[in-house]
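One-letter residues, chain by chain:
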Amino acid sequence: MAAKKKGLFVKGTYFDYPSLFLIFFLVLFGLMMVYSSSSFVASRDFNNSTHYLLRQFVFAMAGFAVMMVISKVRYQIYKKFTLIMVFGMAIVLLLVFVIGTSGNGSTRWIFLGPISFQPSEIAKLVIVLYMAHICTAEPQSMQSIQGMAKSFWPVGLLIVIIAIENLSTAIICAAIAVGIWFVATPKIRYIGIVILAGCVFVPIMIKLQSYRSGRIDAWLHPETSKYGYQTMQGLYAIGSGGLFGRGLGQSIQKMGFIPEAQNDMIFSIICEELGIVGAAGLIIVFLMLIWRFRFIAEGAPDRYGSFIVVGVITHVAAQVLVNMCVVTNIIPNTGVTLPFISYGGTSLFFLLIEMGVVLSVSRQIEPLSLLEEEEGKEYG
């Protein structure tokens, strides 16, 4: 029986179990590396080596539960609320400046009791849903710069608000929007104009915050810059890992040398403990997940579903690329986490919600046998 198209929930005949397995593997691997990279610091600071692991585990389990529920919800219902989501998200992002908490030179977090979260993590999914809807509902708007500006300005508003305190996340949000836009209408000239505007916008935002200039200095001169300590320690970890690594749990740099090694710099610990082979294996798993998502995007029952998956592909790919480039000092330190792997419970939770939306699209894919049966009835 084909997937039902009406109602809140969908009961399809297909479910992308390979994607589910890859997501499960990445989360499990992330939990293992969070424990390995944080056990020393957790024992020192909290007298409990599993402190960070347990917190991450709770959010992972909650995320998986919500992910499976969302995977059964028809993703088409989000179309009605995308504009409301965008403006609601703008309000929440502005609240960060009022009640947010500062850290490492920027204000990004909101505390709700014992839980803290970055609203910008939710904004990524909101941008995916909005861009997918606009590119589906108003294709004529993409035929001119004026039309695109009229349709896409709400997303531009979110990106500007995020960029004030979190430029790296704003760049990833912009990449998501441009990725969906490019697939919807590959107008190279227009994409070039947007990239050029970004090249002007980014230096301006760097000048607004002094710590960003420090990160540029640390990138160019990590050996001598007063901000280059973390970068140098990360490179020491990667270099000492060699081909096969020191062994799981045997990292030296996690012993307080790399600040908060379980967060943005966790890939350096992976390289130190598992070596180039382990790091390459992780990259292959990410590529497999992106390949499976491409399959879902191509088989989606409508353009809206396809564009949603394209947005999630862009998000995961961009964030993985940026994080690994930061750790290897190819680009300046940006504070971007490694998806599924880095410590951060609410970040993992919202990422699993994104995965649930993708799996919802997969549930409405018509298996080949059903398509052949329907064609046979039509032409028989």
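Residues numbered from 1 in each chain as written. Predicted model: local features only at pLDDT ≥ 70, side-chain atom pairs only at ≥ 80, totals over all residues. Heavy atoms only, no water.

### Concerning the overall build of the protein
So, step 1. The helix and strand inventory of the protein stands at 13 helices and three strands.
So, step 2. Computed over its C-alpha atoms, the radius of gyration of the protein comes to 21 Å, within 12% of the 21 Å expected for a compact globule of 380 residues.
So, step 3. Overall size of the protein, expressed as C-alpha extent along the three principal axes, is 70 × 45 × 40 Å.
So, step 4. Every one of the 380 residues in the protein was classed for burial, and the buried ones make up 52%.
So, step 5. Accessible surface computed for the protein: about 17600 Å², of which carbon and sulfur atoms make up 69%.
So, step 6. Both charge centroids of the protein, one from 26 positive and one from 20 negative side chains, sit 6 Å from each other. (Helix = DSSP H or I, 4+ residues; strand = E, 2+ residues; numbered from the N terminus. Rg over C-alpha atoms; globule rule 2.2 N^0.38 Å. Buried < 20%, exposed > 50% of the residue type's maximum accessible area, 1.4 Å probe, protein only. Areas by Shrake-Rupley, 256 points an atom, 1.4 Å probe, with all protein chains shown as cover. Lys, Arg positive; Asp, Glu negative; His and termini not counted. Charge placed at Lys NZ, Arg CZ, Asp CG, Glu CD.)

### As for the packing of aromatic side chains
So, step 1. If you walk through the whole model with that rule in mind, you get nine aromatic pairs.
So, step 2. Aromatic pair Phe24 and Phe64: ring centres 6.0 Å apart, planes at 55°, arrangement tilted. With a gap of 40 residues between them, Phe24 in helix 1 (residues 17–46) and Phe64 in helix 2 (residues 51–70) connect regions that are remote in the sequence. (Phe/Tyr/Trp six-rings, centres within 6.5 Å; stacked < 30°, edge-to-face > 60°.)

### Structural notes on the pattern of salt bridges
So, step 1. Using the criterion set out here, one finds six salt bridges in the structure.
So, step 2. In this structure, Arg44 and Asp45 form a salt bridge, with 2.9 Å as the shortest nitrogen-oxygen distance.
So, step 3. Between Glu273 and Lys254 there is a salt bridge, with its nearest N and O atoms 3.4 Å apart. Of this pair, Glu273 sits in helix 10 (residues 266–299) while Lys254 sits in the loop between helix 9 (229–241) and helix 10; the two residues are 19 residues apart in sequence, bridging distant segments of the chain.
So, step 4. The class for Glu273 is buried, based on a relative accessible area of 1%.
So, step 5. Here Lys254 falls in the buried class, since its relative accessible area comes to 3%. (Salt bridge = Lys/Arg side-chain N within 4 Å of Asp/Glu carboxyl O.)

### Examining helix 7 (residues 188–208)
Residues three or four positions apart in an α-helix share a direction because the helix packs 3.6 residues into each turn.
So, step 1. Its 21 residues give helix 7 an end-to-end C-alpha distance of 30 Å, which sits within 8% of 30 Å, the value for a rise of 1.5 Å per residue.
So, step 2. Looking only at helix 7, the buried set comprises Tyr190, Ile191, Met205 and Ile206. Down the axis of helix 7, the buried set is contained in an arc of 130°. They therefore lie on one face. Opposite the buried face of helix 7, at more than 90 degrees from it, the exposed residues are Arg189, Leu196 and Lys207. (Expected span 1.5 Å × (residues − 1). Arc of directions from axis to C-beta.)

### Some details on the side chain of Ser120
So, step 1. You can see Ser120 is positioned in helix 4 (residues 119–137).
So, step 2. Once residues lying within four places of it in the same chain are set aside, the contact partners of Ser120 are Leu93, Ile162, Asn166 and Thr169. (Contact = heavy atoms within 4.5 Å.)

### Some points on the state of the cysteines
So, step 1. Counted under the stated rule, the structure contains zero disulfides.
So, step 2. Cysteine Cys135 remains unbridged, with the sulfur of Cys173 as its closest cysteine sulfur at 16 Å.
So, step 3. Since its relative accessible area comes to 0%, Cys135 is described here as buried.
So, step 4. By relative accessible area, which is 0% here, Cys173 ends up buried. (Disulfide = S-S within 2.5 Å.)

### Examining the side chain of Asn329
So, step 1. You can see Asn329 is positioned in the loop between helix 11 (303–327) and helix 12 (345–363).
So, step 2. Owing to a relative accessible area of 16%, Asn329 belongs among the buried residues under this scheme.
So, step 3. Among residues more than four places away in sequence, those in contact with Asn329 are Ala218, Trp219, Pro222, Thr231 and Leu235.

### Here we look at unusual backbone geometry
So, step 1. Positioned with a positive phi, Asn47 is a non-glycine residue whose angle comes to about 55°.
So, step 2. When you line up the elements, Asn47 lands in the loop between helix 1 and helix 2.
So, step 3. Residue Asn47 is classed as exposed on the basis of its relative accessible area, which comes to 72%.
So, step 4. For Phe340, which is not glycine, the phi dihedral falls at a positive 75°.
So, step 5. Within the secondary structure, Phe340 is located in the loop between helix 11 and helix 12.

### Looking at helix 10
So, step 1. Look at helix 10: only 35 Å from first C-alpha to last across 34 residues, short of the 50 Å you get at 1.5 Å a residue.
So, step 2. Its axis deflected by about 120° at Leu274, helix 10 carries its strongest bend there. (Bend = angle between axes of the 7 residues up to and from the residue.)

### Quick notes on the packing of helix 6 (residues 167–184) against helix 11
So, step 1. Orientation of helix 6 relative to helix 11, taken along the N-to-C sense of each, is 140°, at an axis distance of 9 Å. Our classification of the angle between helix 6 and helix 11 gives oblique. When you trace helix 6 past helix 11, the crossing you get is right-handed. Here Ile172, Ala175, Ile176, Gly179, Ile180, Val183 and Ala184 of helix 6 lie close against helix 11, whose contacting residues are Arg303, Phe307, Val310, Gly311, Thr314, His315, Ala318 and Gln319.
So, step 2. Of the residues that constitute the contact of helix 6 with helix 11, the class distribution is nine nonpolar, five polar and one charged. (Axes fitted to C-alpha atoms, helices over the stretch in contact; angles between N-to-C directions. Parallel < 35°, antiparallel > 145°, perpendicular 65-115°, else oblique. Left-handed = near helix turned anticlockwise from the far one by under 90°. Nonpolar A, V, L, I, M, F, W, Y, C, P; charged D, E, K, R; others polar.)

### A few points about a nonpolar patch on the surface
So, step 1. A contiguous nonpolar patch, built from Ile91, Leu94, Leu95, Phe97, Val98, Ile99 and Ile164 and spanning about 650 Å² of accessible area, is present on the exposed surface.
So, step 2. Considering each element in turn, the nonpolar patch owes the most residues, six residues, to helix 3 (residues 82–99).
So, step 3. With respect to the helices and strands, Phe97 occurs in helix 3.
So, step 4. Using a relative accessible area of 38% as the deciding quantity, one classes Phe97 as partly exposed. (Patch = residues over 30% accessible without salt bridge, like charges linked within 9 Å, V, L, I, M, F, W, Y side chains within 5 Å.)

### Section: the confidence of the model for the protein
Atom-level detail of predicted coordinates should not be read off regions where pLDDT is low.
So, step 1. Here the protein averages 85 in pLDDT, and 90% of its residues register 70 or above.
So, step 2. Looking at the elements of the protein, mean pLDDT is at its lowest for helix 13 (residues 368–379), recorded as 46, and at its highest for helix 2, recorded as 95.
So, step 3. The model gives residues 369–380 a pLDDT under 50, and that stretch makes seven contacts with residues more than four places away or in other chains. (pLDDT = per-residue confidence, 0-100.)

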